[in-house]
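Residues per chain, in single letters:
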Amino acid sequence: MRHPYTALHTFHLVVRFQSLKHTADHLHLTESAVSHQIKRLEAQLGYSLFYKSGRQLKTTPEGKRLSLELSAPFDHIDQILSEPKNTTHNTITLYCLPSLIEFWLLPRLLKFKAEHPNYELIIKYHSSSPDYLDEHSLRIGSHEQESHTPYIRSKILSGETIPVCSPIYMNRQHVFSSKDLLETDLLHDHTEEGWRNWFALQGLTLNKPTQLVYEDFHLLKMATIAAQGVALCPEALIQEDLKSGTLIALSTKRSNIGHYYAIEQNKYAHTNINTLVEYLI
């Protein structure tokens, strides 16, 4: 069978833009020509790649699987062809979770910059990271054990959590058991699912309505230290607080089993990216 490279590239762009029109504009084609390429590709593959949801163009599960395999090599080709010859790249963009920046990332970058003064590092929040990581970018975030990615991952820390509170809150509430925790002020990071799962692992059911929800781990930790309640915190991120007694572990039983923090990079990453990743891990 003759491989439809042109149609595959067009499909890759439609997934990226989520629009036939934007893809047509990008390729200097008509929208009808793009649509015909996709239909011929679907006929050759034997399955649908897209479906309409209202006015939105959505990718089918089969289309998503194909797109994951195509995105890195096609973007790599596009980038190579668009780069001027003999261009040197010393700029690296890092997208990192706020909870890891001060505690984990910045101390390592200070040492890296001392040894590589010509590198320009741009640090941005993880929430602003693009869907596609190019060859000059890194993403440092959290992942589930079984989650799939088209990128190379390098594990850095465990994300498994334990319940903690401040000494002031512990003395006030007299928390001694898992059942006692059901009556405390539970602090939530994003949603209440973390606590529901933790209690379920202990054979208990959380019926109390959610009262305190914090946008990220940094706010959650500040509230916990300020004696606002009990939080599930990644043990790897609070080691110094546990050693100093700022926070107290209320149980050794964990939640978020298999959860971890990792660096993600494009499989075709520039050598500067590989240099930085090797240094960070």
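Keep in mind the model is a prediction, meaning the values are calculated, not measured.

A. Representation of the nonpolar core in the model. In this structure, Leu100, Trp104 and Ile140 are the most contacted members of the largest nonpolar core, which totals 35 residues. When sequence neighbours within four positions are dropped, the list of residues in contact with isoleucine 140 reads Leu94, Tyr95, Cys96, Leu97, Leu100, Trp104, Leu105, His126, Ile156, Ala262 and Ile263.

B. Molecular detail of the pattern of salt bridges. Inspection of the entire model under this criterion finds five salt bridges. With a closest N to O distance of 3.0 Å, arginine 139 and glutamate 264 form a salt bridge. Taken together, the residues span a long stretch of sequence, with arginine 139 in strand E5 (residues 137–143) and glutamate 264 in strand E12 (residues 260–265) at a distance of 125 residues. Taken individually, arginine 139 and glutamate 264 each receive the classification buried, so the pair is uniform in this respect. Between aspartate 241 and lysine 221 there is a salt bridge; the shortest N-O distance is 2.8 Å. Here the residue aspartate 241 occupies a position in helix H10 (residues 239–244), and lysine 221 occupies one in helix H9 (residues 217–225), the gap between them amounting to 20 residues. Residue aspartate 241 is classed as buried on the basis of its relative accessible area of 12%. Each of Arg139, Arg153 and Glu264 takes part in salt bridges that share partners, so that together they form one network.

C. Local environment of helix H5 (residues 98–115). In a regular helix each residue adds 1.5 Å, so 18 residues correspond to 26 Å; H5 covers 25 Å between its end C-alpha atoms and thus fits that length. At leucine 105, H5 is deflected by roughly 50 degrees, the largest bend along its length, and proline proline 107 occurs up to four residues later in sequence. When H5 is considered as a whole, its buried residues turn out to be Ser99, Leu100, Ile101, Trp104, Leu105, Leu109 and Phe112.

D. Here's a closer look at the pairing of E12. Within E12, six of the six residues are buried, leaving the element largely enclosed by the surrounding structure. Residues Tyr260, Ala262 and Glu264 of E12 are buried on one face, and the alternating residues Tyr261, Ile263 and Gln265, pointing to the opposite face, are buried as well. Pairing between E5 and E12: six bridges, direction antiparallel. Residue pairing across strands places serine 142 opposite tyrosine 261, the latter belonging to E12. Relative to E12, strand E6 (residues 152–158) is paired through six bridges, and the arrangement is antiparallel. What sits directly across from serine 154, in E12, is isoleucine 263.

Thresholds, definitions, all that
Per chain, the residues get numbers from 1 upward, laid out in the order the sequence is written. A pLDDT threshold of at least 70 governs which residues receive local features in this predicted model, and a stricter bar of 80 or more applies before side-chain atom pairs are shown or counted, although totals over entire chains, interfaces and linings include all residues. Each side-chain value is derived from all of the structure's non-hydrogen atoms; neither hydrogens nor water enter the calculation. Here, the term nonpolar core denotes a set of buried Ala, Val, Leu, Ile, Met, Phe, Trp, Tyr and Cys residues that are joined through side-chain atoms within 4.5 Å. For every residue, the accessible area obtained with a 1.4 Å probe (protein chains only) is divided by the maximum for its type, and the residue is called buried under 20%, exposed over 50%, and partly exposed between those limits. Every residue pair with non-hydrogen atoms within 4.5 Å of one another is taken to be in contact. The working definition used for a salt bridge is a side-chain nitrogen of Lys or Arg within 4 Å of a carboxyl oxygen of Asp or Glu. Numbering of helices and strands starts at the N terminus; helices are DSSP runs of H or I of at least 4 residues and strands are runs of E of at least 2. The span you would expect from a helix comes to 1.5 Å times its residue count less one. Bend at a residue means the angle formed by two fitted axes: the first through the 7 residues ending at that position, the second through the 7 residues beginning there. We call two strands paired when DSSP finds no fewer than two bridges between them.

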